[in-house]
Amino acid sequence: AAQKVDRGISALQLAGAQSPHEVSSWQAGADRDSSSFYRHHYESTLCSAVEETRRDSMRRFRKQFDSSADKDWESIRSSILSLDRTPSFSLLGADTGILSSVGQGQSMVAACQPSEQPVLDALASSLTVEEKLARASRLSCQAAGRWESEVAECWEIISCMVGWSGRRALAPRTAKAPRIASTPMDFVYGAIHYLEQQYVQSLAGGTPNQPAADPWDAVLAAGRSFFMHDARFPCSAAHTWYVIFCAFRAGSATVLKEIPQRIASVDLNAGHREVCRCLAAFLESPGAESVDEAQLQAADLETFSNQSPHGELLAAFLLGRKFNINTLPQAADGLLGRGAHRGATALDWLWWRLRVCARKGLPPAGLCEVQTKIKSLPGDFFDSEGRGAGGLEYVKMLLLSLQFSSAIFSLYSAHPALRTSATHLALAMGIQKLFATSDQLVEIAETAGDASAASFFSAERRALPGGSVCGLVLEYSSRFSFEVQLQHIKVLENEDRTRALVELLTCRGGGSCEEVTGWIQEDGTVKPGLMRAATNSDREFTLICAEAGRAAELQGNYVGALRLLHIAGLHAACLQVLKRCVILPVWTHHGSNYAELQVDLRRMFRIYSVNKDTYGVSATWPAFLWLFHSRSFLQQVSEGRFREALATFDEHCLLPLAPGARIQGDLDDLVVAELGGVVEGYLQAIEMEFRTGDANTAGHLRARVGSLQAFLATHSHIFQLTSKAAALISSLSLS
């Protein structure tokens, strides 16, 4: 109905706009040319349809827009009201892991401080490595919500890798002692040790809190279950090979040594005994593995090992040959199968590949193949316990395969609630130099001439959120206050801490915040701020401020540069920045940081004018003083205060206009660059005074022009006049 009314009104308006003469002439024309009539009718109908569609679309848009705005407002209003009603907070929800609520007047910063501070204190403490990781993991896992047990497993993996000592097991472990694990091979053995611990727990259905009491009993129980509950187990050669495999898979040299006595009733052959001896030697002396192939050949190992797939695996390991782990009965469906034991099979596969890599001295191509295989599989492939998409099995596999950066990236991006745990874990790994493994692997691959592996390891190095551990810490803590950010940065190692502090000061606003850098007093002394507590010494603090001050100057952040260079004691560099500040266009085109820079500039002027001798800047102080007063003069000219400008010019003698006066010595480059602008401003002020002044002042102004001409005649080699200044002096000379 509304559309019909609109069309009727439009028709009436069109009809009313035409005079009777126009209508009659159109009808006459239509009689003479029917094709023009129909063409006009077609175009009118089409235009009407388009206009009607446009109006209908606009009505629908307004209706939809109003409805959407109402819904958004109701949602925002409900959120605000819920905040007012809920003064308490919880850092992590029971299921979602996100901030459930923050009380009125409280910020997310305040909510995060009490939960994270104990973890950060534990990581920064002087405890031994094991104690530090144990305390930090216990506290950090409490913030993981429903992922607490899985995050705890990630911490356990890192603890195994860091704590693996090999033949250095008896070395004292203190906070000041060299790190226990420092090479990729150490971390590989740590991953193998973790996989073997998990296997021991799984043999008899143990848990991390209730492991199997006796490895031999666990092996026998697993063997009876594997061989269809055969009560006579072990009673055959295949049974014996399975027992040896289980003992080796569990990493138990003790069980391997006891096998010949424990199952003496079975007809043990020379192959069994030799394999037990060699494998026990491997487990007792990792990193120094050697095998006497002549003894293995004499024991006819290949013939005996063919009695069982497990025997073939062990023989392949000792003889350095390839073996497809899919041939094991436990993995009959294949590694890529979807059977019930898919996750356990994946762990067996990883254990086997790591054992082979360690056996061969960790070749880059072999480890690269393992890492590539894990990354090529879907994220839920390793979910053996049905945890679904929210499980962290993929993260654990990345950690165990030495892909530390990718593991942290996956954990950090898995869910917002896991970012806290990922950051804590990354801090602990950074302290123990685990992320340096990628650099070591790149070097190993380049030495071996394997460009493909070197490229893969190099890409892994950049996989961390933020590009590095300090970038990750800054990205995570950027939503908090500077105090909380500095608490996180303090935990980083020296190089990472320096980079993080410099970036915080230069790129994240910390350099312009006195709470961070410190308060500069009126006498030039500095009251320490928050950053001083985040560094280990006054020297480190000074070096960081100096580096950040130079970087801030290059970025044009002069407020931060002034404060940081002064705090670092680089007074000459600070004075140079002051000179650059006074010639900035910001004074004539009031920029966004005009007010803050104005305050800092005047404060520094007062401080350095009193302490120029103490700071050792007496020689360069006159140049800055001239620039400072010339900036005031030009600002008065630009604001139209010409009489005040001339008074300032005379008071500070910006140009030596007295008869016979000349500029003595070498001028500062910045002063030379500003001379042309000062001359132009001086001429502008004289011209305006000529226009507004009376006959009494005209003679005085002509004298000014004459003195300026004499000055320019003797100093034309120092600077060039601007085109506007040349035109002004020509005009004033004729006045």
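None of the values given here were measured: they were computed from a predicted structure. (Residues numbered from 1 in each chain as written. Predicted model: local features only at pLDDT ≥ 70, side-chain atom pairs only at ≥ 80, totals over all residues. Heavy atoms only, no water.)

S.K.: Run through the overall build of the protein chain, naming residues and quoting values.
M.R.: In terms of helices and strands, the protein chain carries 35 helices and two strands. Among the 735 residues that make up the protein chain, the fraction classed as buried is 45%. Contacts in the protein chain between residues at least 24 apart in sequence constitute 62% of all its contacts with a sequence separation of at least 6. Summed over all atoms, the accessible surface of the protein chain reaches about 36100 Å², with 54% contributed by carbon and sulfur. (Helix = DSSP H or I, 4+ residues; strand = E, 2+ residues; numbered from the N terminus. Buried < 20%, exposed > 50% of the residue type's maximum accessible area, 1.4 Å probe, protein only. Contact = heavy atoms within 4.5 Å. Areas by Shrake-Rupley, 256 points an atom, 1.4 Å probe, with all protein chains shown as cover.)

S.K.: Describe in detail the state of the cysteines, supporting the description with residues and values.
M.R.: A full pass over the atoms with the stated rule returns zero disulfides. Looking at the unpaired Cys574, the closest cysteine sulfur is the one in Cys581, lying at 8.6 Å. (Disulfide = S-S within 2.5 Å.)

S.K.: Which residues make up helix α31 (residues 621-638), and what values do they have?
M.R.: The end-to-end C-alpha distance of α31, which contains 18 residues, comes to 26 Å, matching closely the 26 Å that a straight helix rising 1.5 Å per residue would cover. Judged by how many residues are buried, α31 sits mostly within the fold: 14 of 18 residues are covered. Immediately downstream of α31, the backbone of Gly640 shows phi near 80°, a positive value. (Expected span 1.5 Å × (residues − 1).)

S.K.: Which residues make up the pattern of salt bridges, and what are the values?
M.R.: Counting across every chain of the model gives 25 salt bridges. We note a salt bridge from Arg59 to Asp56, for which the minimum N-O separation is 3.8 Å. Taken together, the residues span about one helical turn, with Arg59 and Asp56 both in helix α3 (residues 34-85) at a distance of three residues. Residue Arg59 is classed as partly exposed on the basis of its relative accessible area, which comes to 36%. Residues Arg60 and Asp56 are paired through a salt bridge, measuring 3.4 Å at the closest nitrogen-oxygen approach. Pair noted here: Arg60 and Asp56 are both in helix α3, with a separation of four residues, about one helical turn. (Salt bridge = Lys/Arg side-chain N within 4 Å of Asp/Glu carboxyl O.)

S.K.: Can you lay out the packing of aromatic side chains for me, pointing to particular residues and giving the numbers?
M.R.: The final tally for this structure, using the stated rule, is 18 aromatic pairs. Measuring from centroid to centroid gives 5.2 Å for Phe248 and Phe317, while their planes differ by 50°, and the two rings are tilted. With Phe248 in helix α9 (residues 237-249) and Phe317 in helix α14 (residues 309-319), the pair connects residues that are 69 residues apart, well separated along the chain. The pair formed by Phe248 and Phe317 is uniform in burial state, with each residue classed as buried. Judged by centre distance (5.1 Å) and plane angle (45°), the ring pair of Trp621 and Phe624 falls under tilted. Taken as a pair, Trp621 and Phe624 lie in helix α31 at a separation of three residues, close to a single helical turn. (Phe/Tyr/Trp six-rings, centres within 6.5 Å; stacked < 30°, edge-to-face > 60°.)

S.K.: An account of the packing of helix α17 (residues 393-400) against helix α18 (residues 404-414) is needed here, citing residue identities and associated values.
M.R.: Contact geometry for α17 and α18: axes closest at 7 Å, N-to-C directions at 165°. It follows from the interaxial angle that α17 and α18 lie roughly antiparallel. The handedness of the crossing between α17 and α18 is left-handed. Counted together, Tyr394, Val395, Leu398 and Leu399 of α17 and Phe404, Ser406, Ala407, Ser410 and Leu411 of α18 form the full contact between these two elements. For the contact of α17 with α18, the per-class residue count stands at seven nonpolar, two polar and no charged. (Axes fitted to C-alpha atoms, helices over the stretch in contact; angles between N-to-C directions. Parallel < 35°, antiparallel > 145°, perpendicular 65-115°, else oblique. Left-handed = near helix turned anticlockwise from the far one by under 90°. Nonpolar A, V, L, I, M, F, W, Y, C, P; charged D, E, K, R; others polar.)

S.K.: Now, about the confidence of the model for the protein chain: what can you tell me, with residues and values included?
M.R.: Residues of the protein chain with pLDDT of at least 70 account for 74%, and the chain-wide mean is 74. Counted against residues more than four places away or in other chains, residues 165-181, with its pLDDT under 50, gives 33 contacts. The low-confidence segment residues 331-344, where pLDDT is below 50, has 26 contacts with residues more than four positions distant or belonging to other chains. (pLDDT = per-residue confidence, 0-100.)

S.K.: With reference to specific residues and values, describe the packing of helix α6 (residues 148-163) against helix α19 (residues 419-431).
M.R.: Between α6 and α19, whose axes approach to 11 Å, the crossing angle comes to 5°. With respect to their mutual orientation, α6 and α19 come out roughly parallel. Where α6 approaches α19, its residues Val151, Cys154, Trp155 and Ile158 are matched on the opposing element by Ser421, His424, Leu425, Ala428 and Met429. Per-class residue counts for the contact of α6 with α19 are seven nonpolar, two polar and no charged.

S.K.: Can you explain helix α29 (residues 571-582)? Please cite residues and give values.
M.R.: Between its terminal C-alpha atoms α29 stretches 17 Å, which fits the 16 Å expected from 12 residues at 1.5 Å a residue. Within the span of α29, buried status applies to His571, Cys574, Leu575, Val577, Leu578, Lys579, Cys581 and Val582.

S.K.: Give me the lowdown on the nonpolar core, citing residues and values where you can.
M.R.: By size, the foremost hydrophobic cluster in this structure holds 194 residues, and its most contacted members are Ile259, Leu279 and Leu708. Contact partners of Leu279, with chain neighbours within four places excluded, come to Ile244, Phe248, Leu256, Leu314, Phe317 and Leu318. (Core = buried A, V, L, I, M, F, W, Y, C linked by side-chain atoms within 4.5 Å.)

S.K.: Please set out unusual backbone geometry residue by residue, giving values where relevant.
M.R.: Backbone geometry places Leu402, a non-glycine residue, at a positive phi of 70°. Relative to the assigned elements, Leu402 resides in the loop between α17 and α18. Under the relative-accessibility criterion, Leu402 is labelled buried at 1%. For Cys653, which is not glycine, the phi torsion reads 45° and is therefore positive. With respect to the secondary-structure elements, Cys653 resides in the loop between α32 (642-651) and α33 (669-692).

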